[in-house]
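The primary structure of each chain is shown beneath.
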Amino acid sequence: MQFRFTPYQRPLRTPFKTAAGKFSVRQGIILELRVDATGICYRSEASPLPGFSSESFEHVLERLHQDHQNIRQFFQAVGSSNGVGNQSLLTSAQENAASHSEPIETPNVSAFLQSYSSLPSLAFALSALLWQMDARSHDPPNAGKSSQAGAAESAIPSTRHQKKTDPEALIHVNAVAGMLSPDALLQHLTRKYKQGFRVFKCKVGLHPDVLANTLHTFAHTHEDVLFRLDANRSWALEDVEAYSSLFSGLPVQYIEEPVAIDRPEQLEKVFERCKLPVALDESIQSPDQLERFARSDAARSVAAWIIKPTLFGDLFALRERLERFHLGKRTVFTSSFETGVGRALIGWLAVHYGSPNFAHGLDTGDLFAEESDKLPGGPLLRYSDCINIIRPPDFRWQNRDLFFMSRTGIYTWNDLNMFRRAFWQWLEAEKIDLDRPFLVSAPASDEVVLLMAACYQSRIAMLMIPPETPWNTIRERIAALPERIRPQAGFIETNNGEEALDHGVALDKDGVLGITSMLTRSDLHSFLSSSPDHPE
């Protein structure tokens, strides 16, 4: 069993403001687990959010360095358990929770995760790895399942009762709007509407009347939208009735905690005054907090339970409470500005334990200036896209320096990483839509292998056309594609070689519908020469 963790820093497009100040770089840690005997791989993310998380990035990183061997040994024990008479890892649910009909944590798993309760983002990441180990053993098809992978069933609280999911199942996603001027907000909402979004979460600033007027203007010309309001607990209780009345007549799905709510009795007072449905967010970001409100008489009136898994922590504790109190039909999962790995995990949770009737808060990828694990954006997210990121193919996990060898060159993983970064910079400079496929029509070569691997690592789809295909046929095939999946850029090299690419093709790119930029072989050479490890 191999366990490793990799800190990351991702620049944000614009600085993000929180109670802890302003930051322009998102820090976090990617956790990776590989089962040696099977090659099965899992990933998760620990990314405490400044101003919201109780722990810091430095605290999590220090604990991972300190506990690295213990964590690896724990996962090794879970993977090796055969579940026969192994009471150190396996205890019946009846012995632990006779009052519950579904199994919950085994003592050792529970104790292991409890030891990280002061670091919720790390508890989330570790429990997500455990969860994946068990869920993998129940994913169809089961034929050929290894004994080591299957052994996790006995050691981990079972996820067997989670619903089977079609890989093409879709997750509805809401758009997010920050505190913008009226004109900027209208432009942002209009742009997101054109992208297909119909549910919009809007921050409520110091002037709720201004926001209400802006939303009335937008809703007047867009009748099929829903709004979610987030006041971040900034209203006084005596202002709730007046402020919420400003939004009367608007299609508001709910408002998230307009005032600070720490006890169910306070929630009842908000219900009495608020003219909008009320959702809980900040007050339920731990297992104990969620249980306190879910047990109360006020629970039946809660419009939605907003869960940020990175802040919540232990996923087994989360699942047990969602199921025990039947909260799933009103649960909305949202991101805390994680990278694609963290958002993919949250999307996975949304499919299995979130409400199918609500959009979920996963549209935060645009905040990053660069992402190595790109989760597709838009109002609909495929379940399979989430799985592909958190369970990547084996080649990503190789620790060897060698990436591949050919008759003409030897290429390391560092070569590939440098090539990918240069390729990404070219895409950004050319303003290429990364949700569209990249056209590749060229004979096999070292550069083409690197280009395809870079596309894969960047989660960019490829449209592959044989290099012997006539130009007119290429044009016809691209023209026949729906506009939204028509390539905007590509690399084409006919069997006649470099001259056709650098001169004939590059000059003729306007003849292919939708193509705005074309790589040349000299571009690929420059991408590769940016790597200091590559021998010239």
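Whatever comes next refers back to the structure up there.
The following paragraphs examine the structure supplied in this document. Computed from a predicted model, the values in this text were never measured in an experiment.

Let's shift gears to the overall build of the chain. For the chain, the count of helices and strands is 20 helices and 18 strands. Each of the 536 residues in the chain was classed as buried or not, and the buried ones make up 54%.

When we look at burial in helix α10 (residues 264-273), the residues that qualify are Pro264, Leu267 and Val270. For α10, the arc enclosing every buried residue in end-on projection is 105 degrees, short of the 170-degree limit, so these residues lie on one face. Contacts made by the buried residues of α10 are with β9 (278-279) and α11 (287-294).

Bringing the nonpolar core into the picture now. Core analysis: the largest hydrophobic core is formed by 104 residues, its most contacted members being Leu31, Phe75, Phe200, Leu215, Phe247 and Trp305. In terms of residues, this core owes the most to one element, helix α4 (residues 120-138), which gives 11 residues. Aside from chain neighbours lying at most four places away, what touches Phe75 is Met1, Phe3, Leu33, Leu126, Leu129, Leu130 and Met133. By size, the runner-up hydrophobic cluster in this structure holds 28 residues, among which are Phe419, Ile432, Leu524 and Leu528.

All right, on to the pattern of salt bridges then. A full pass over the atoms with the stated rule returns 21 salt bridges. Where Glu291 meets Arg321, a salt bridge forms, and the shortest distance between an N and an O atom there is 3.2 Å. One end of the pair, Glu291, is in helix α11; the other, Arg321, is in helix α13 (residues 315-324), with 30 residues separating them in the sequence. What makes Glu291 buried here is its relative accessible area of 15%. Salt-bridge contacts for Glu447 lead to Arg521; the nearest nitrogen and oxygen are separated by 3.1 Å. Placement of Glu447 in helix α17 (residues 446-457) and of Arg521 in helix α20 (residues 521-529) is noted, with a sequence separation of 74 residues between them. You can call Glu447 buried: its relative accessible area is 9%. Sharing partners across several salt bridges, the network here consists of Glu291, Arg295, Glu320, Arg321 and Arg324.

With that settled, the discussion passes to the sheet that holds strand β8 (residues 252-256). Read across the open sheet, the five strands follow the order β5-β6-β7-β8-β9; overall the sheet is parallel. Since the sheet does not close on itself, it has two edges, and those belong to β5 (175-177) and β9, each with one partner. Sheet topology places β5 next to strand β6 (residues 199-203); three bridges connect them, and they run parallel. Bridge pairing in β6 links Val176 to Lys201. Contacts between helix α8 (residues 208-221) and the sheet are confined to β6 and β7 (226-230), with β7 contributing the most and set at about 165 degrees to the helix.

Before going further, it helps to examine the sheet that holds strand β17 (residues 489-492). Across the sheet, four strands lie side by side as β16-β15-β17-β18; this open sheet has parallel pairing. One side of each edge strand has no neighbouring strand; the edge strands of this open sheet are β16 (462-464) and β18 (517-519). With direction set aside, neighbouring strand axes in the sheet form an average angle of 25 degrees. Bridge count between β17 and β18: three bridges; the pairing is parallel. Bridge pairing links Phe491 to Leu519 in β18.

Looking now at the side chain of His222. With respect to the helices, strands and loops of the structure, His222 is situated in the loop between α8 and β7. Exposure remark for His222: the relative accessible area of 14% places this residue in the buried category. Polar side-chain contacts of His222 include one of 2.9 Å to the backbone oxygen of Phe218.

Orientation of helix α14 (residues 340-353) relative to helix α15 (residues 383-390), taken along the N-to-C sense of each, is 135 degrees, at an axis distance of 8 Å. When the axis of α14 is compared with that of α15, the two are oblique. Handedness of the crossing formed by α14 with α15: left-handed. Contacts between α14 and α15 pair Gly340, Val341, Ala344, Leu345, Gly347, Trp348, Val351 and His352 from the former with Tyr383, Cys386, Ile387, Ile389 and Ile390 from the latter. Residue composition of the contact of α14 with α15, by class: 10 nonpolar, three polar and no charged.

Most peptide bonds adopt trans geometry, and most residues besides glycine take a negative phi value. For Phe337, which is not glycine, the phi torsion reads 65 degrees and is therefore positive. Its identity as a non-glycine residue notwithstanding, Lys431 has a phi of 55 degrees, on the positive side. Here Lys431 lies in the loop between α16 (413-429) and β15 (438-441). A relative accessible area of 68% places Lys431 in the exposed class.

With that settled, the discussion passes to the pairing of β7. For β7, the tally of buried residues reaches four of five residues, placing the bulk of the element in the interior. Of the pairings in the sheet, the one linking β6 to β7 comprises five bridges and is parallel in character. Bridged to Phe200 within β7 is Phe227. Taken together, β7, helix α9 (residues 240-245) and β8 constitute a β-α-β crossover, and its handedness is right-handed.

The next thing to look at is the packing of helix α7 (residues 182-194) against α8. Viewed as axis vectors pointing N to C, α7 and α8 meet at an angle of 40 degrees, and their least axial separation amounts to 10 Å. On the basis of their axis angle, the class for α7 and α8 is oblique. Judged by the twist between their axes, the crossing of α7 over α8 is right-handed. Contact residues: Pro182, Leu185, Leu186, Leu189, Thr190 and Tyr193 in α7; Val210, Leu211, Thr214, Leu215, Thr217 and Phe218 in α8. Among the residues forming the contact of α7 with α8, the class breakdown is nine nonpolar, three polar and no charged.

Calculation criteria
- Residues numbered from 1 in each chain as written.
- Predicted model: local features only at pLDDT ≥ 70, side-chain atom pairs only at ≥ 80, totals over all residues.
- Heavy atoms only, no water.
- Helix = DSSP H or I, 4+ residues; strand = E, 2+ residues; numbered from the N terminus.
- Buried < 20%, exposed > 50% of the residue type's maximum accessible area, 1.4 Å probe, protein only.
- Arc of directions from axis to C-beta.
- Contact = heavy atoms within 4.5 Å.
- Core = buried A, V, L, I, M, F, W, Y, C linked by side-chain atoms within 4.5 Å.
- Salt bridge = Lys/Arg side-chain N within 4 Å of Asp/Glu carboxyl O.
- Pairing = 2+ DSSP bridges.
- Axes fitted to C-alpha atoms, helices over the stretch in contact; angles between N-to-C directions.
- Polar contact = N/O pair within 3.5 Å; in protein donor to acceptor, adjacent residues only side chain to side chain.
- Parallel < 35°, antiparallel > 145°, perpendicular 65-115°, else oblique.
- Left-handed = near helix turned anticlockwise from the far one by under 90°.
- Nonpolar A, V, L, I, M, F, W, Y, C, P; charged D, E, K, R; others polar.
- Right-handed = clockwise from strand over helix to strand, strands pointing away.

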